[in-house]
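Residues per chain are reported as follows:
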Amino acid sequence: MTATGAPGTGPGHGRHQPGAGAPGVEPGHGRHQPGAGAPGVEPGRAQRRPGRSFGVWDLVVAYRGRTAVAGVTLQAAPGEVVGLVGGDGAGKTTVLRALAGAVRPAAGTVRRPPARRIGYVSAGPGVYRDLTVDENLAFAGAAYGLRGSALGERARRLLDRTGLADARGRLGGQLSGGMRQKLALAMAMLHEPELLVLDEPTTGLDPVSRAELWRLVAHATAAGAAVVVATTYLDEAERTGSLLVLDRGRPLVAGTPEAVLAGMPGAVLDAPARPSRGTAWRRGARWRVWSPDGSAIAGASPAAHDLEDAVIVAALAARERAAREGKGAAA
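From a predicted model like this one, the values you see are computed outputs, not experimental measurements.

K.L.:
Teacher, can you tell me more about the pairing of strand 13 (residues 286-291) here?
P.N.:
Along a regular strand, successive side chains alternate from one face of the sheet to the other. Across the six residues of strand 13, five count as buried, placing the element largely inside the fold. Bridge analysis of strand 12 (residues 279-283) against strand 13 gives five bridges, and the strand direction is antiparallel. Opposite Arg 282, over in strand 13, you have Trp 287 as the bridge partner. Hairpin connection from strand 12 to strand 13: two residues lie between these consecutive antiparallel strands, with Gly 284 at a positive phi of about 65°.

Structure (C-alpha cells):
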C-alpha cells in the first residue's frame, strides 16, 4: 500500500475536518472498485441506488501494536443509511474515524469523497460552547468555503428544520443535550456533504430528540448523501437500509435488517421465569431463551423474534463456535 497523505484537521463538525489521505485510501478515483458483493457485507438496498459507494473493505486498524478492528467491510451508497451497531468497545468509533480520515488504517481499503465533501459528528461535544448557535454555523460554514447568501440560506433552512431558530443567539454551552446534538448535525450538514458520518448522535437523548435527529438524517439521505451512523439502539438500526454489527472489533453479522432476522439460527422462546436449560436473557419482566436447534424447552413458548434477539443470538452463536474451535485445537 502507498501512503497518499496524512489526515488533516480542521473544523469538520465543529472541531474536526477529516483528512483526505491515508494508506489504502481512495478519496477520489481510486484503483480498487469493489462490486456489490464486497466481502463481509450484504449491500441490500444499496444495489438499487445509482452513484458511487463509500466505505471500508477488509479494514484493519491497530493502536500501539494492538489490533482494534480487523476484517471490517462496510459500504454506503448515495441516499442510503447504513447502521454500525455494537456495545461499548466494539470498535464503532475506530471504524468511523478511519472512514472519515481521522485514523490511518494498518490494512484494507477506505473509499471516501474529498475531505470537503464529508460531514462528521463525533461522539464527543460537537459544538463550541463559547460560540452562539449562529456563530457555530458561521464557523463551520467558513471552514467549507461558505459565505454570504449561500451560508445564510442554508443556515436558515437548517435552523428551521432543527427547531433552533429561536435559540440562534444562545451560546452552545447553554443548550440542552438534544439541542447541542441537533446543532452539531446541522453543522455537519451545512455544506451538503456526499458522506455523512455520525458517531452515536442520539446516545443519551430523550425519545423526542432522537426522532427529531432521525428526521434530519432523512433530509440528508433525501438530498443524496450516503450516511453511516453508529448506534447502540437496535430500534434505530431497524431504520437503516443495511447494518453491520461489531463484537470486540470483529464483524458479527451484516445485511439488511430483514436478512439479519431471517438468518438467525435456531429459535428464540419466551418464558415467564428463567428456564432450567438453554441460554436466557431478560426482556422486560420476562425471559428470552435461545434453542440452537429449534427444539422445545420446558416452560417456554415460541416468540416472534426481533432484531435485538437476532443480534444477541449471533453473539451467542459466535461464542459457541469459538469455544468448539478452542476445544478442537486443544485436542
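K.L.:
I would appreciate a short explanation of the pattern of salt bridges in the present structure.
P.N.:
Opposite charge on two side chains permits them to pair, given that their charged atoms come into close proximity. The full count for this structure, using the stated rule, is 20 salt bridges. The shortest N-O distance in the salt bridge between Arg 319 and Asp 247 comes to 2.6 Å. Here the residue Arg 319 occupies a position in helix 8 (residues 307-330), and Asp 247 occupies one in strand 9 (residues 242-247), the gap between them amounting to 72 residues. We classify Arg 319 as partly exposed; its relative accessible area is 37%. Looking at Asp 247, the relative accessible area reads 19%, which means it is buried. Across the salt bridge formed by Arg 288 and Asp 309, the nearest N and O atoms sit 3.1 Å from each other. In this pair, Arg 288 is assigned in strand 13 and Asp 309 in helix 8, connecting sequence segments 21 residues apart. The exposure class assigned to Asp 309 is buried, which follows from its relative accessible area of 0%. Among the charged side chains, a network of salt bridges with common partners joins Asp 270, Arg 283, Arg 286, Arg 288, Asp 306, Glu 308 and Asp 309.

About the thresholds
Residues numbered from 1 in each chain as written. Predicted model: local features only at pLDDT ≥ 70, side-chain atom pairs only at ≥ 80, totals over all residues. Heavy atoms only, no water. Buried < 20%, exposed > 50% of the residue type's maximum accessible area, 1.4 Å probe, protein only. Helix = DSSP H or I, 4+ residues; strand = E, 2+ residues; numbered from the N terminus. Pairing = 2+ DSSP bridges. Salt bridge = Lys/Arg side-chain N within 4 Å of Asp/Glu carboxyl O.

Just distances and angles here, no functional claims.
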